[in-house]
Amino acid sequence: MLIVNKTVAIVGGGPGGLTLARLLQMKGATVKVYERDLNKQVRVQGATLDLHEESGLKALHEAGLMAAFKANYRPGAGRVRVLDKNAVIVADEHEHHSHEQERHEQEGHEQKGYEQKEYEQNGYEHHDLKESRPEIDRGPLRNILLESLLPETVVWNSHFKSLSGGGGGGDEANGNGWRLEFQNGSYAMADIVIAADGANSKIRPFVTSIIPFFAGLTAIEGAVYDSEIAAPRIHSLLKGGKIFAFGDDKSLIVSAKGDGSLAFYAGCKTDEHWHSNHGVDFTNKAQVLSWFRKEFSGWDSVWCDLFEQASSPCLVRPQFCVPLDQAWEAQPNLTLLGDAAHLMPPYAGEGVNMAMLDALELSVCLLGNDFPDIQTAIAHYEQQMRPRAAAAASMTLDSMALLHSPDAITFMTSIIKQLE
Ligand SMILES: Cc1cc2nc3c(=O)[nH]c(=O)nc-3n(C[C@H](O)[C@H](O)[C@H](O)COP(=O)(O)OP(=O)(O)OC[C@H]3O[C@@H](n4cnc5c(N)ncnc54)[C@H](O)[C@@H]3O)c2cc1C
């Protein structure tokens, strides 16, 4: 393997960085993950993620973690209800599934879930998941990956600050290798650095000066703990799955989580600087509610429950995307993956899947003997990663535009029908 006797520093312990660490460690590579969080528990992880057969699930499969995934994924959590702004259900995957279930029972099918049968018919026999795009909460996914690593692999409280050197061998005495500095004053040396530090990557500028562009939309993110008690009307609409509500070129996306909470995102078209000049204190519940009532005026009062019952301050998330034609020269011992490489808005559920597939493809390039040196291996990885991610980003931008247009409901309903 190319990286024998090399030390690899992965900056960022999100799904991309941890998947890479696992895949490299499985083949005996020396790897550390430097993560800014103080410890494993410090941050509540966001909403559910659907993993795709050809990307996220493929990476987990190669990482030998499908059994752990099956023990933790949430059957049915991906079932979608599409609602209009009046909270009228216009398409319902729950209904479709219960009709199908009934039909199969009447036809005397064996106990096996109908989804499982369809799944098998599609040729996905290598595991027995009941859904083609199974959902898992972000927290359990992170735990699965963390628990798969050797002790002390993740160095918590390592908020990356700067990078210097890069001249080969991670040997401080000889002045070679990368020197990574962290905000707490500590530092580390490494032969190879992989940036997996997400949307606002601090390492990306060491690879390329290309910056993401504003995609025209801002999402307000919030959470309601114990939603059955705190927001019972929304809770029963959710039915353990997802709500996509559309109207007036705006969206409300709500997901039930396994811990009894729900996560929501309200999307609206804004200008690039709205997040700094909207004049709303999004940590103040009264101000947020008043903003929502004004911005979503004419929407049913049930939606206000989300903002009235929000358990923590809402977050303002302007949506950015990297240029689809981005390119750079491969470096000898530094590369990017996941959002650090190809940030895109989250309106097609591709971000985490792309990050995990990056990890898989990069690990194959670094662990094999197909390339004469690490730089060529990195170049090969980047040449396949960029167009693949650009295709996903292009689809995401199209989807985001349609979901915030007068055709949103028709579009979302057609997607559900395709997946049935
Ligand atoms: C509101 C929202 C909803 C989303 N919904 C979906 C969805 O449904 N499906 C989907 O596929 N994708 C979704 N995404 C996108 C998805 O979260 C990302 O694409 C995915 O998490 C990228 O993985 P990553 O490992 O590259 O980066 P991240 O998950 O962002 O992980 C980066 C890690 O690096 C750490 N870090 C950051 N800076 C530093 C630093 N300076 N030093 C050290 N560590 C650092 C962070 O703490 C974090 O642990 C959503 C994103 C958002 C914001």
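Please refer to the structure placed before this passage.
Attention here is on the structure that accompanies the text. On a predicted model such as this, the values are computed, not experimentally measured, just so you know.

Turning next to the environment of Gly78. By secondary structure assignment, the location of Gly78 is in the loop between α3 (66-72) and β4 (80-84). With 29 residues separating them along the chain, Gly78 and Leu49 place their C-alpha atoms 8.7 Å apart. Non-local contacts of Gly78, meaning those with residues more than four positions away in its chain, are made with Glu93, Glu135 and Lys242.

Let us look at the site of the ligand. As a matter of local geometry, the ligand sits amid 33 residues, with Gly16, Glu35, Arg138, Phe160 and Asp339 nearest to it. Contact distances for the ligand include 3.3 Å between an oxygen atom and a side-chain N or O atom of Arg142. At 2.7 Å from an oxygen atom of the ligand is found a side-chain nitrogen or oxygen belonging to Asp339. Surface burial for the ligand is 87%, taken as the share of its 990 Å² of free accessible area covered by protein chains. When residues of the shell around the ligand are assigned to their parent elements, the largest contribution, three residues, is made by helix α14 (residues 351-367). Split by residue class, the shell around the ligand holds 10 nonpolar, 11 polar and 12 charged. Both domains that meet at the shell around the ligand, namely domain 1 (7-70 + 138-211 + 322-403) and domain 2 (79-132 + 214-320), each give it at least three residues.

Moving on, we get to the pattern of salt bridges. Evaluation of the coordinates by the stated rule reveals 16 salt bridges. Between Asp37 and Arg142 there is a salt bridge, with its nearest N and O atoms 3.2 Å apart. Here the residue Asp37 occupies a position in the loop between β2 (30-34) and β3 (48-50), and Arg142 occupies one in helix α6 (residues 138-147), the gap between them amounting to 105 residues. Take Asp37 and Arg142: they sit in the same class, and that class is buried.

With that settled, the discussion passes to the packing of aromatic side chains. Tallied over the entire structure, the rule returns 15 aromatic pairs. Where Trp274 meets Trp291, the ring centres are 6.2 Å apart and the plane angle is 45°; that geometry is what we call tilted. Note that Trp274 is positioned in helix α10 (residues 274-277) and Trp291 in helix α11 (residues 285-295), a separation of 17 residues in sequence. Classification of Trp274 by relative accessible area gives buried; the value is 16%. The buried category is assigned to Trp291, whose relative accessible area is 8%. Judged by centre distance (6.2 Å) and plane angle (65°), the rings of Trp291 and Phe307 are edge-to-face. You can see Trp291 sitting in helix α11 and its partner Phe307 sitting in helix α12 (residues 304-308), a full 16 residues away along the chain. A relative accessible area of 1% means that Phe307 is categorised as buried.

Before going further, it helps to spend a moment on the sheet that holds strand β8 (residues 160-165). In space, the three strands of this open sheet follow the order β8-β9-β10, with antiparallel pairing throughout. Strands at the two margins of the open sheet, each flanked by one partner only, are β8 and β10 (187-190). The mean angle between the axes of side-by-side strands here comes to 20°, regardless of whether they run parallel or antiparallel. Relative to β10, strand β9 (residues 178-182) is paired through four bridges, and the arrangement is antiparallel.

Thresholds, definitions, all that
Residues numbered from 1 in each chain as written. Predicted model: local features only at pLDDT ≥ 70, side-chain atom pairs only at ≥ 80, totals over all residues. Heavy atoms only, no water. Helix = DSSP H or I, 4+ residues; strand = E, 2+ residues; numbered from the N terminus. Contact = heavy atoms within 4.5 Å. Near = heavy atom within 4 Å. Polar contact = N/O pair within 3.5 Å; in protein donor to acceptor, adjacent residues only side chain to side chain. Areas by Shrake-Rupley, 256 points an atom, 1.4 Å probe, with all protein chains shown as cover. Nonpolar A, V, L, I, M, F, W, Y, C, P; charged D, E, K, R; others polar. Domains from an automatic or database assignment. Salt bridge = Lys/Arg side-chain N within 4 Å of Asp/Glu carboxyl O. Buried < 20%, exposed > 50% of the residue type's maximum accessible area, 1.4 Å probe, protein only. Phe/Tyr/Trp six-rings, centres within 6.5 Å; stacked < 30°, edge-to-face > 60°. Pairing = 2+ DSSP bridges. Axes fitted to C-alpha atoms, helices over the stretch in contact; angles between N-to-C directions.

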